[in-house]
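Descriptive structure summary
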Amino acid sequence: MVESMIRAEQLTSGYEKLTVFSDLDVAIKKGHITTIIGPNGCGKSTLLKTIGRILKQKNGDVFLQEKDMKSISTKAIAKQLALLSQNPEAPLQLKVEELISYGRFPHRKNVGKLSSKDKQVIEWAMDITRTTAFRDREIAQLSGGQRQKVWLAMALAQETNILLLDEPTTYLDLAHQLEVLQIVERLNKEHQCTIIMVLHDINHAARFSHELIAMKAGEIVTVGSPNEILEKDVLKEVFHINARIMIDPENGSPVCFGYDTLLAQEQGGPYGDNG
Amino acid sequence: MHKQDRNRFFMTISGLFALICFAGYIHITNGTFDMSVKDVVTTLLRMNPNHDFDLVIFEFRLPRIVIAALVGLGLGVAGTVVQGVTRNGLADPGILGINAGAGAAIVILMFLFQMQVTVSGTSNWLSILIMPVFGFVGGLVAAIIIYSIAWRNGKLDTERLILTGIAISSGFGALSMYISLKMREGDFEMATVWMSGSIYNANWLFIVAMLPWLLILVPVIYRKAYLLDYLQLEEASIKSLGIRVEKEKSILLLSSIGVISACVSVSGSISFIGLMAPHIARQLVGIHHRYVIPTSGAVGMLLVVISDYIAKTVFAPAEIPVGIVVAILGVPYFLYLLVKSKA
């Protein structure tokens, strides 16, 4: 049994008067890549943000290595946990290297110069995300894919053992999606980083994760390995689709290679019977 | 932060200081009573003192220049903070209703003290020292109203902050107007001139009243300046870095309210400096707030000293309020910014 890195108990969260989910219990295993999947609006981003204390829960507790997060200062949490948000923004004139150096904030004692340790970590973060080549450019001059890697580098510069990623591949082309996920995989393998992310692409989720959490309408439907989740009945329940699954002969992970919506089938729509 | 950025900053600041000194020199030697450089220098150095020169320099011109410089500094610094915290380049202390709140409080004070406060003289030093306090309370009341409406779900909603600010600003403006209409005729005129921003009745007591506020709060802001760089990211990223966003924003905003109130209490509401100075500063030294804040303060100083010089000379011997000069210079600049930000 792997011990849990993050655990939520009876967690209730949402925005203003809207409660997105209530009384959720989740445990994230140490050293694993856990991906939350589910249809739009199911509460997966809200869950991630609440776990990452970006959003304050309405009720319940989140434990970071069995310690109540409310009892830890936000700066101390920032040394253990970094979150890459869905729509990060920075001034366009900011230089890449400077943005990445912001990740050192929780480790810096004074506001003056970066220590040699800071610089070393920044170099490492740029190296692992392959952003060193454009370190002197301004954010405005970067493509979407480059920008996402820079943001990832900033999160890495925080030097945490937990990384939360909110849809890190959205808006990226196929090659960049894969590149970002491979960086994540490498962090997990080489640095034992515990990773929790939200992904829309269930094939990517299956390929890169140890564990999937399937959510629907504010409930956790089921938790399990990619093989257990990429399964006809589960996908039918979660996404309301009729999926066709096979095993990728190259890497052995399950792949959904085609699907139809159940709605169209029920109605006998034009796409209903071409499977 | 690179070395070239730092060099550019020091060059800019030195240049600005030279310009401020130059503007100050023009201001002190020119006026209805022209003086030569030699007269000014000998008077300042107390070499063969002359009563007329003493009066003009120490009682009229010097306090006025010092106040212009301090007000410009305060508004430039506070404007940078307000723009930084709201992440909105078109925000300005005036738009946020803080000016109007502080202004209304001081109009009330004027009404209660029957204008004694604006008449120079040492007998009413207490009421002059009270002015910034009153202004701060007014600015704070405005800020609390704005905050409580803009505060949603445990965080500060920037759009609501600006919208509420505009509403509160008109509300307090109306209140000031209403109270000033209740005043006696002479008082009303004084209050109106004061409200449009003027410093020609400057004296040393005003400086004593506002100086402590600046001496305490500007360093507080400067110490927190680096945080304004982080506050330019979007909320989730800032929180993820372990920055207590709401607390830091509150410290920065409250300090700015104090600075603005001190400025408003001596000069009335001078708008547009808080808007223009940060923009000019960013053009000069880039986006790092450690550099932008002092530069913006210096730009503010320069703008107010020059504007005040224009205010006193253009229609001499009649004076126009410096706030009006600033507005005349500021409106086209504001429109320019709007057009540019659209493009």
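Residues numbered from 1 in each chain as written. Chains lettered and ligands numbered in written order. Predicted model: local features only at pLDDT ≥ 70, side-chain atom pairs only at ≥ 80, totals over all residues. Heavy atoms only, no water.

Now for the overall build of chain A. Within chain A one finds 10 helices and 12 strands. Taken against the 2.2 N^0.38 rule, which gives 19 Å for 275 residues, the C-alpha radius of gyration of chain A at 20 Å falls within 12% of a compact globule. Each principal axis of the C-alpha distribution contributes one length, and for chain A these read about 65 × 40 × 40 Å. Taking the contacts inside chain A whose residues are at least 6 apart along the sequence as the reference set, 65% of them involve residues at least 24 apart. Carbon and sulfur atoms provide 49% of the accessible area of chain A, an area that totals close to 12800 Å². Of the side-chain charges in chain A, 32 are positive and 35 negative, and the distance between the mean point of each set is 8 Å. (Helix = DSSP H or I, 4+ residues; strand = E, 2+ residues; numbered from the N terminus. Rg over C-alpha atoms; globule rule 2.2 N^0.38 Å. Contact = heavy atoms within 4.5 Å. Areas by Shrake-Rupley, 256 points an atom, 1.4 Å probe, with all protein chains shown as cover. Lys, Arg positive; Asp, Glu negative; His and termini not counted. Charge placed at Lys NZ, Arg CZ, Asp CG, Glu CD.)

This part takes up the confidence of the model for chain A. Close inspection of predicted coordinates is inappropriate for parts of the model with low pLDDT. Summarising the model, chain A shows a mean pLDDT of 90, and 95% of its residues fall at 70 or more. The model gives residues 269-275 of chain A a pLDDT under 50, and that stretch makes 5 contacts with residues more than four places away or in other chains. (pLDDT = per-residue confidence, 0-100.)

On the chain B side, the residues contacting the 31 residues of chain A number 23 residues. For the pair chain A and chain B, the summed buried area comes to about 2300 Å², and 59% of that belongs to carbon and sulfur atoms. Counting across the interface, chain A meets chain B through 1 salt bridge. A salt bridge links Arg 87 of chain B to Glu 89 of chain A; the nearest nitrogen and oxygen atoms lie 3.2 Å apart. (Buried area = accessible area lost by both parts, 1.4 Å probe. Salt bridge = Lys/Arg side-chain N within 4 Å of Asp/Glu carboxyl O.)

A common way to report how large an interface is uses the accessible area buried once the components associate. Residues and elements named next belong to chain A. Partitioning chain A into structural domains gives domain 1 (1-80 + 160-229) and domain 2 (82-159). Residue-level contacts link 27 residues of domain 1 with 24 residues of domain 2. Counting each side, the surface lost to burial between domain 1 and domain 2 is near 2100 Å², with a carbon and sulfur contribution of 62%. On the domain 1 side of the contact with domain 2, Lys 75, Thr 160 and Ile 183 bury the most area, a combined 22% of that side's loss. Applying the counting criterion to the domain 1 and domain 2 interface returns 2 salt bridges. For the salt bridge of Glu 179 with Arg 130, the shortest nitrogen-to-oxygen distance reads 2.8 Å. Between domain 1 and domain 2 we count 11 residue pairs in polar contact (both at pLDDT 80 or more) in total. If you list the elements that add at least two residues to the side of domain 1 that touches domain 2, you get helix H1 (44-51), helix H2 (74-78), strand S7 (162-166) and helix H6 (174-191). (Domains from an automatic or database assignment. Polar contact = N/O pair within 3.5 Å; in protein donor to acceptor, adjacent residues only side chain to side chain.)

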